[in-house]
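Each chain, letter by letter, is given below.
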Amino acid sequence: MDESGPGTKVFAEESLLGLLLPFWQLVIGVLVLVVLVLSVGRLARRGRSRMTTALLVTAAAIAGFAVIGVLLEG
């Protein structure tokens, strides 16, 4: 129900925050990407066995989060 008239209040700061929200998501995404690239580079320099372990741990974490997401969805 849309309430309009002389007694209603307009909250402009909520609309401003709505416009800024995608920008902050972009900033956070770029920072996560930079950290990910730097950490993968460092891990790759440490050797093959560390890369294998890291990939297995990452795969297990992804599978675990997927299972938890499916179980909590319903």
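Preceding this paragraph is the structure being described.
Described in the following lines is the structure provided in the data block. The structure displayed is predicted, hence computed values, not measured ones. (Residues numbered from 1 in each chain as written. Predicted model: local features only at pLDDT ≥ 70, side-chain atom pairs only at ≥ 80, totals over all residues. Heavy atoms only, no water.)

1. Examining the overall build of the chain
Now for step 1: Scanning the chain for helices and strands turns up 2 helices and 0 strands.
Now for step 2: By residue count, 0% of the 74 residues in the chain fall in the buried class. (Helix = DSSP H or I, 4+ residues; strand = E, 2+ residues; numbered from the N terminus. Buried < 20%, exposed > 50% of the residue type's maximum accessible area, 1.4 Å probe, protein only.)

2. What about a positive patch on the surface?
Now for step 1: A cluster of basic side chains, namely Arg42, Arg45, Arg46 and Arg50, defines a positive patch on the protein surface.
Now for step 2: For the positive patch, the element with the highest residue contribution is helix α1 (residues 12-46), accounting for 3 residues. (Patch = residues over 30% accessible without salt bridge, like charges linked within 9 Å, V, L, I, M, F, W, Y side chains within 5 Å. Areas by Shrake-Rupley, 256 points an atom, 1.4 Å probe, with all protein chains shown as cover. Salt bridge = Lys/Arg side-chain N within 4 Å of Asp/Glu carboxyl O. Lys, Arg positive; Asp, Glu negative; His and termini not counted. Charge placed at Lys NZ, Arg CZ, Asp CG, Glu CD.)

3. Focus on the environment of Val40
Now for step 1: Looking at the element boundaries, Val40 is found in helix α1.
Now for step 2: Under the relative-accessibility criterion, Val40 is labelled partly exposed at 41%.
Now for step 3: In this structure the C-alpha to C-alpha distance between Val40 and Ala54, which are 14 residues apart in sequence, comes to 9.6 Å.

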